[in-house]
Amino acid sequence: MTSFASWLAQGPWPIDGGLSGELEKRGHNLADKLWSARLLRDAPEAIAEVHQDYVDAGGRVIITASYQASRTGFVATGMTEAQADDLMKLSITLAKDVAAKAPEKVWVAASVGPYGAVLGGGQEYVGNYGVAHEELVKFHRERIEVLASANPDVFACETIPDLDEVRALVEVLADYPHIPAWITMSAQDGASTCAGQGIGHLAELVSAAPSVVAIGVNCTKPEYVTSLLKKLASKGDLPLVVYPNAGRVWDGENMCWIGEGHTTLPSKIVKEWVSAGATLIGGCCGLGPDAITQLDNDLAQLR
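Counting secondary structure elements, the chain contains 13 helices and 10 strands. Scaling as 2.2 N^0.38, a compact globule of 303 residues should have a C-alpha radius of gyration of about 19 Å, and the chain matches this with 17 Å. Counting only C-alpha atoms and orienting by the principal axes, one finds that the chain spans roughly 50 × 45 × 40 Å. The buried share of the chain, taken over its 303 residues, is 58%. Pairs at least 24 apart in sequence give 77% of the contacts found in the chain among residues at least 6 apart. When the accessible area of the chain is evaluated, it comes to approximately 11,800 Å², of which 50% is carbon and sulfur surface. Across the chain, the mean location of the 23 positive side-chain charges is 3 Å away from that of the 37 negative side-chain charges.

Here G18 is to be found in the loop between β1 (13-14) and α2 (20-25). Here the alpha-carbon distance between G18 and L287, two residues 269 residues apart in the chain, equals 5.7 Å. Among residues more than four places away in sequence, those in contact with G18 are Y54, G283, C284, C285 and L287.

Time to look at the packing of aromatic side chains. Under the definition given, this model contains nine aromatic pairs. A centroid spacing of 5.8 Å and a plane angle of 35° characterise the contact between F4 and W7, whose relative ring orientation is tilted. Placement of both F4 and W7 in helix α1 (residues 4-9) is noted, with a separation of three residues, approximately one turn of the helix. The exposure classification of F4 matches that of W7, with both residues buried. With a centroid separation of 6.2 Å and 80° between ring planes, the pair formed by F155 and Y176 is classed as edge-to-face. With F155 in strand β4 (residues 154-160) and Y176 in the loop between α9 (163-173) and β5 (181-185), this residue pair connects regions lying 21 residues apart in the sequence.

Reading the values: rules and limits
Residues numbered from 1 in each chain as written. Predicted model: local features only at pLDDT ≥ 70, side-chain atom pairs only at ≥ 80, totals over all residues. Heavy atoms only, no water. Helix = DSSP H or I, 4+ residues; strand = E, 2+ residues; numbered from the N terminus. Rg over C-alpha atoms; globule rule 2.2 N^0.38 Å. Buried < 20%, exposed > 50% of the residue type's maximum accessible area, 1.4 Å probe, protein only. Contact = heavy atoms within 4.5 Å. Areas by Shrake-Rupley, 256 points an atom, 1.4 Å probe, with all protein chains shown as cover. Lys, Arg positive; Asp, Glu negative; His and termini not counted. Charge placed at Lys NZ, Arg CZ, Asp CG, Glu CD. Phe/Tyr/Trp six-rings, centres within 6.5 Å; stacked < 30°, edge-to-face > 60°.

Laid out in structure tokens, this is it:
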């Protein structure tokens, strides 16, 4: 069987788009701290439907609905830890069931969102949480252990705003050398993470993590991406992954995106990203199945 890393080398490939925005379009109110993870409990079939739409659009990687899922978050709503674990594992089962029906190989990436996402106030776009390294390690180790038990194809450690949190993830991922991972950070401009650090340091930090097979950026404005990819490529030789948001700004207080944004990714800019080293490209918040359909067409011509 082809490994995920070997498959990456045959790219560029399209991955899926934003999950929460599609769920909201279908009438689900996600304005609480659990965000889309709440539907693992309340409407898992809705999550599966969105996964299916992305596969139908051409996406070759499904990112699970576990971004904001954790024992901490679920227990705060009255669940037991065992129930929380079952829902985190369900996120992978839902995606696996959809992937199994696809005519081509579709990979299941277990979303590992940042510590800030569980706080529920937009802290994943700021970083600098003010918590100790040991606390970040404990938080990620607990949920990654649960997600690993459901055997995803890959870990998608995503929207990480702060290099301190990358260090914690690298420490935890070392315990799972058999599961490949990517780490993508959120960025505030064309050079810096959301916490204000140089993005190139990401490449340096993962050099000690053999299971990390790709790095990049996600949930970042498209206009910043080319510069960010070039800075990452200058610091290492790992394949790059990018899935920007639609270019809007997150209002953490009101839990919504504001401003104007894209509905698809322009073919010209996609070609730029591939030239800069991107082998996995998709969409994050605000970019849905239509964007992935166009992306699939563009990347097929570039492979």
